[in-house]
Amino acid sequence: MASSYRNNKKYDVFVSFRGEDTRDNFTSHLYSALCRQNIPTFIDDQLNRGDQISESLVYAIEASAISVIVFSEGYASSGWCLDELVKILECKKEYAQIVIPVFYRVDPSDVRNQTGSFGNSFSKLEERFKENSKKLQTWRNALKEAATLSGFPSQNIRRESELINEVVNHILKRLLDQVFRRNDNKNQLVGVESRVEEIQSLLGVQSKDVYALGIWGIGGIGKTTIARATFDKISSDFEGSCFLENVREESQKPGGLACLRQKLLSNLLKDKNVSLDIGLNFRRLSRMKVLIVFDDVTCFSQLESIIGSLDCLTPVSRIIITTRNKQVLRNWGVRKRYEMEALEYHHALELFSRHAFKQNHPDVGYEKFSSKEKNIFLDVACFSQGEDVNVVMKFHNASGFYPEIGISVLVDKSLIAIDSYNKIRMHDLVQELGREIVRQESINPGNRSRLWHHEDIYEVLTYNTRDFSMGKCLTVLPGNEIPKWFEFQSVGSFITLEMPPDSFNNSRVQGIAFSAILAFSDRHVDCGRWFSFSFELKVKTTKDCGTHDTRLFQSRVNYVESDHLHLGYYLFCEEDFNVFWTCNCIPEAVHFNVFPPLECQCCGVKKCGIQLIRFLNSSNSIEDPSTCFNRNEED
């Protein structure tokens, strides 16, 4: 119950006070101090109150993580205030709401026992409610309970401003320690706590100068997460703090560096309308203990433009810089660097699963996807990282997956992102998870739904570990040359292979392997990219009927890659030849052709090649067609 309560708070703080006593002094100053710290605070500004608190006020109390009770001399004379107190203590019991009493010019023992001037105020209320003894007892119990809580007696702190500072700092710590951090530990931070402690210890060293720490490592490894967790944990110890996110990205926008500087000064000085006088602002900063995080810095000039040098800050200030470029830290004189290493696999997997599936184990969340969403996810993980999203959509449309919804789901789950260049991006960890799902399909690569690693492809095609019984196959591999073992090669898209008269006697030739290198010009526009691969037999009859062509095989391919090697083969079936023998036809030649999209002037075929697949011996066992793809050859 308490967990869900904390997760849905509208306010961080609710302030209960007696308006006649503190509205225009202590409470107003406290409210202003909380607002300067960007702490959402509810304060009841109604001057005229009835005998019972309103439903909206009850909601405000329930919707707050912390309640601050300002006990003043006249607090107990208000039934309204005491009803607020009763409700606050109910929330403390039921929802574990944090309650902080402030004893403003009253003694805690007088509040607890209703004595002294505070007791005199309560006596006046007793006269009005003397016929409602049950309600009076409820108020007495509430006062006694609240007065026993740890709080802030004003007589122990002479200056009111110091009292307010202590109350606000205490609220910040309680929010961080018992609300936000607990929630983060349960729902976000995995394998992070130990690293935060390491960085915190590094920042705690004694230094006569401003101490700067660089967090350095490759992209996507968690530098920002660690820096943010550290910032959240220690920022309340500083007079001013600022987390400048995405410095690299923001600095590339028009006026971006100036906006970052303005944000830095506004946050540190707690002044939304900060002066344009940069010198004045930095003089103000020179008297403050501040914490600054510069996130994702790519060059020294960014830091120089935003803050200049560290000389303008006090020696007790702390700076954290996250970057992929170690030279940035050297150029700014940052001597201490924390090198980020990847999370351990089980921690990384848990972190990803919590973000994507809202649970600790990704396999359970993955199973909730529809079959089409699963296929799209696995295709992106295995093949489509960095590809144009429109090309990927066309590929899946051709496969009947209707990818618009599926890709949208993956984006919503943060499994993929579409960058400013319309390319699909997937985090390395997510990609590895998808590929691991495919690996788990079978220990034998030939029985997996997808192959992407060259060693697995080599194994499958060399040792025939995949079922090729369907008679034809097409695969796409990186490469810009036709393999040398293709006996017949041609520049362009067409090959004619003359056949000896007895080539097909007794089905000696069993099939044909083929290959092609496709290409697109720089002015290529999207034309559907449908390429056709086809074989035709040129045959002649013994009755002098002339020659004619008979098409054996044609396959249309949509998902093609420029400067990639397209490999396939076709095994002849009995029906292909029966008609020839019954008509006394003699196959004379094989035509192989690759047809680019019709009427397209920007697509073409660089090279193509074919290779005959023959019997290996007289026992009628044919050569494994997959071995045609893996003849030994020099690079």
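Residues numbered from 1 in each chain as written. Predicted model: local features only at pLDDT ≥ 70, side-chain atom pairs only at ≥ 80, totals over all residues. Heavy atoms only, no water.

(A) Examining the side chain of Asp83 more closely. Its place among the elements puts Asp83 in helix α5 (residues 79-95). A relative accessible area of 12% places Asp83 in the buried class. (Helix = DSSP H or I, 4+ residues; strand = E, 2+ residues; numbered from the N terminus. Buried < 20%, exposed > 50% of the residue type's maximum accessible area, 1.4 Å probe, protein only.)

(B) Spotlight on helix α10 (residues 193-203). Turning to α10, its buried residues are Arg195, Val196, Ile199, Leu202 and Leu203. The buried residues of α10 occupy an angular sector of 120° when projected down its axis, which confines them to one face. Packing partners of the buried residues in α10 comprise β6 (211-216), α11 (223-234), β9 (318-323) and β10 (336-339). (Arc of directions from axis to C-beta. Contact = heavy atoms within 4.5 Å.)

(C) The arrangement of the sheet that holds strand β3 (residues 64-71) in detail. Reading across from one edge, β2-β1-β3-β4-β5 is the order of the 5 strands in this open sheet, with parallel pairing throughout. The two strands at the open ends of the sheet, each matched to only one other strand, are β2 (41-43) and β5 (152-153). Note that strand β1 (residues 11-16) and β3 share 5 bridges and pair parallel. Among the inter-strand pairings, Phe14 is bridged to a residue of β3, identified as Ser67. (Pairing = 2+ DSSP bridges.)

(D) Broad picture of the sheet that holds strand β7 (residues 240-244). Within the open sheet, the 5 strands sit side by side as β7-β8-β9-β6-β10. Their pairing is parallel. The open sheet has two edge strands with one neighbour each: β7 and β10. Recorded for the sheet is a direction-independent mean angle of 15° between the axes of neighbouring strands. As judged from the 6 bridges shared by β6 and β9, these two strands associate in the parallel manner. (Axes fitted to C-alpha atoms, helices over the stretch in contact; angles between N-to-C directions.)

(E) How the structure looks around the packing of α10 against α11. Orientation of α10 relative to α11, taken along the N-to-C sense of each, is 60°, at an axis distance of 9 Å. In terms of axis orientation, α10 runs oblique to α11. When you trace α10 past α11, the crossing you get is right-handed. Of the residues in α11, those in contact with Arg195, Val196, Glu197, Ile199, Gln200 and Leu203 of α10 are Ile226, Ala229, Thr230, Lys233 and Ile234. Taken together, the residues of the contact of α10 with α11 break down into 6 nonpolar, 2 polar and 3 charged. (Parallel < 35°, antiparallel > 145°, perpendicular 65-115°, else oblique. Left-handed = near helix turned anticlockwise from the far one by under 90°. Nonpolar A, V, L, I, M, F, W, Y, C, P; charged D, E, K, R; others polar.)

(F) Inspection of the packing of aromatic side chains at higher detail. Across all of its chains, the model carries 10 aromatic pairs by this definition. For the pair Phe71 and Tyr75, a centre-to-centre distance of 5.0 Å together with 75° between the ring planes defines the contact as edge-to-face. By the burial criterion, Phe71 is buried, and Tyr75 matches it. Arranged with centres 6.3 Å apart and planes meeting at 85°, the rings of Phe71 and Phe118 form a pair that is edge-to-face. Here Phe71, found in strand β3, pairs with Phe118, found in helix α7 (residues 116-128); they are 47 residues apart in sequence, far enough to count as distant. Comparing Phe71 with Phe118 shows no difference in burial state: the two are buried. A connected cluster of aromatic rings, assembled from ring pairs, spans Phe71, Tyr75, Phe103 and Phe118. (Phe/Tyr/Trp six-rings, centres within 6.5 Å; stacked < 30°, edge-to-face > 60°.)

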